[in-house]
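Residues per chain are reported as follows:
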Amino acid sequence: MNLTPKEIVKELDNYIIGQEDAKKSVAIALRTRWRRQQIPAELAEEVLPKNILMIGPTGVGKTEIARRLSKLADAPFIKVEASKYTEVGYVGRDVESMIRDLTSTAVHMIKKSEANRVRPKAKKAAMMRLVSLLLPHGKEDKPHEGSKEKIEKMLEEKKLDNKMVELQSNPSPSFAPAAMGVFGGNMDEISNNLQDMLSNLIPSNKPTTRKVNVKEAYDILTEEEIGKMLDQGTINSLAKSLVEESGIVFIDEIDKIINGSKGGSSPDISREGVQRDMLPIVEGTSVSTKYGVVKTDHILFIAAGAFNMSKPSDIIPELQGRFPIRVELNPLDKEAFKKILTLPKNALIRQYIALMNTERVDIEFSEDAIDELSDIAVELNQTSENIGARRLYTLLEKVLEEISFDAPDMQGQKVQISREFVKKQLEPLMKSKDLREYIL
């Protein structure tokens, strides 16, 4: 991936409205990774990732920026909540588990990529096995070539899709090459890893037979052939490298592990402990996983928090220094809401139009309806909890509730969503908001 920072920002613009500073920062961080790969290895080892701290209220695009960035880079990505971790000695998840989860994500990515690479070859092998299954009884040893070709042609033309065949599967041992990481993590993780290892070492050798149609059998045999062609050791090695060179960890709610902040569940003494446990992970250390030992030196960490009850300078100095790039994300105004509703490739209104089209119901939003939705979203965010763009999901679901319910009986109809329609549907919601102002 060698997109320039401008190209990265342009791609992010397709899904995220505004927040130019944040987009610019993550674009530079991603491009720096590419630059690092172009310089001599000795120097590249010394180039540390430009970790980012995003500051802003909920629902303004922090998570979405990080997620879209990982998709652009085709990199393993994981979102974690800082408030879920506890320091060593407390019951809960330890911070190293974020790297284990990231590595598992990378293994899945590599396995999927390798499976797609060998799939054409696996399909041919599956076809040959299926032909053998379909040969008339007694012709398996010396089949007539004409019979094989005839069956193969019928399979390609899907004429035998509904014919039933018997499939026999005989499981074989699948030794996990990374038992060295089996004892990493808390007790739950250790227990799960031990179960995985024992199930691999002592598999069920009893063959099973089942009847399925040819179409399903072809898919099953293809997956079996793919499994034979994939080498788990190679997958683990590739995944480990991918995590170390391209992994992205998004740590949300980092402000909840600051002493004096409100909303964390752990005692104050534990919050600073979580920060200190997190420090070596972000600094660069080796974490034992069931796929091998993973170095975190060049993983990109993006932390985010609202910082309503605290400020970034309350983070312990050592951890602060590991997030050299700081960006503030702006609260969303009416114009931003209007753009979020209509401009992105995954705009909410586009989603609802597509969903209703599946029922052959054509809905159309007028400009004044979008104006009204934006006005109400701003008002509700100001007078109640500010949940940013997530407010639009609640409002649109309420506006289209009756249409969604009746859609199967409205096939072929066209519905115009106007300002009056929006006001009518949201009137109960606005009334309950007004009442809440007088309730203690």
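Keep in mind that what you see is a predicted model, and the values were worked out from it rather than measured. The written sequence of each chain sets the order in which its residues are numbered from 1. Totals for whole chains, interfaces and linings use every residue, but because this is a predicted model, local features are given only for residues with pLDDT of at least 70 and side-chain atom pairs only at 80 or more, for both listing and counting. The side-chain figures draw on all heavy atoms in the structure; neither hydrogens nor water molecules are used.

Asker: Can you tell me about the nonpolar core, naming the residues and giving the values?
Answerer: For soluble globular proteins, the rule of thumb is that nonpolar side chains tend to be buried together. Within the largest apolar cluster, 58 residues are counted, with the highest numbers of intra-cluster contacts made by Met54, Ile302, Ile363, Phe365, Leu373 and Ile417. The helix and strand labels rest on DSSP assignments: H or I over at least four residues marks a helix, E over at least two residues marks a strand, and numbering proceeds from the N terminus. The element best represented in this core is helix 14 (residues 367–383), accounting for seven residues. Leaving out residues up to four positions away in the same chain, Leu373 has contacts with Leu341, Phe365, Leu392, Leu395, Leu396, Val399, Val422 and Leu426. In these notes, a set of buried Ala, Val, Leu, Ile, Met, Phe, Trp, Tyr and Cys residues joined through side-chain atoms within 4.5 Å is what counts as a nonpolar core. The rule is simple: take the accessible area with a 1.4 Å probe, protein chains only, and divide by the maximum for that residue type; under 20% is buried, over 50% is exposed, in between is partly exposed. With 43 residues, the next largest nonpolar core counts Ala115, Val249, Leu319 and Phe323 among its residues. Two residues qualify as a contact provided that any one of their heavy atoms is within 4.5 Å of a heavy atom in the partner residue.

Asker: Give me the lowdown on the pairing of strand 8 (residues 300–305), citing residues and values where you can.
Answerer: Burial runs high along strand 8: six of the six residues are buried. Of the two faces of strand 8, the one holding Leu300, Ile302 and Ala304 and the one holding Phe301, Ala303 and Gly305 are both buried throughout. Of the pairings in the sheet, the one linking strand 1 (residues 52–55) to strand 8 comprises four bridges and is parallel in character. Note that in strand 8 the partner of Leu53 across the bridge is Ala303. When DSSP finds two or more bridges between two strands, those strands count as paired. Bridge analysis of strand 5 (residues 248–252) against strand 8 gives four bridges, and the strand direction is parallel.

Asker: Give me the lowdown on the sheet that holds strand 5, citing residues and values where you can.
Answerer: Within the open sheet, the five strands sit side by side as 2-5-8-1-9. Their pairing is parallel. One side of each edge strand has no neighbouring strand; the edge strands of this open sheet are strand 2 (77–81) and strand 9 (325–328). Direction aside, the axes of adjacent strands within the sheet are offset by 20 degrees on average. Where strand 2 and strand 5 come together, five bridges link them in parallel fashion. When the sheet's bridge partners are listed, Glu81 is paired in strand 5 with Asp252. To define axes, lines are fitted to C-alpha atoms, for helices over the stretch in contact only, and angles between the resulting N-to-C directions are given on a 0 to 180 degree scale.

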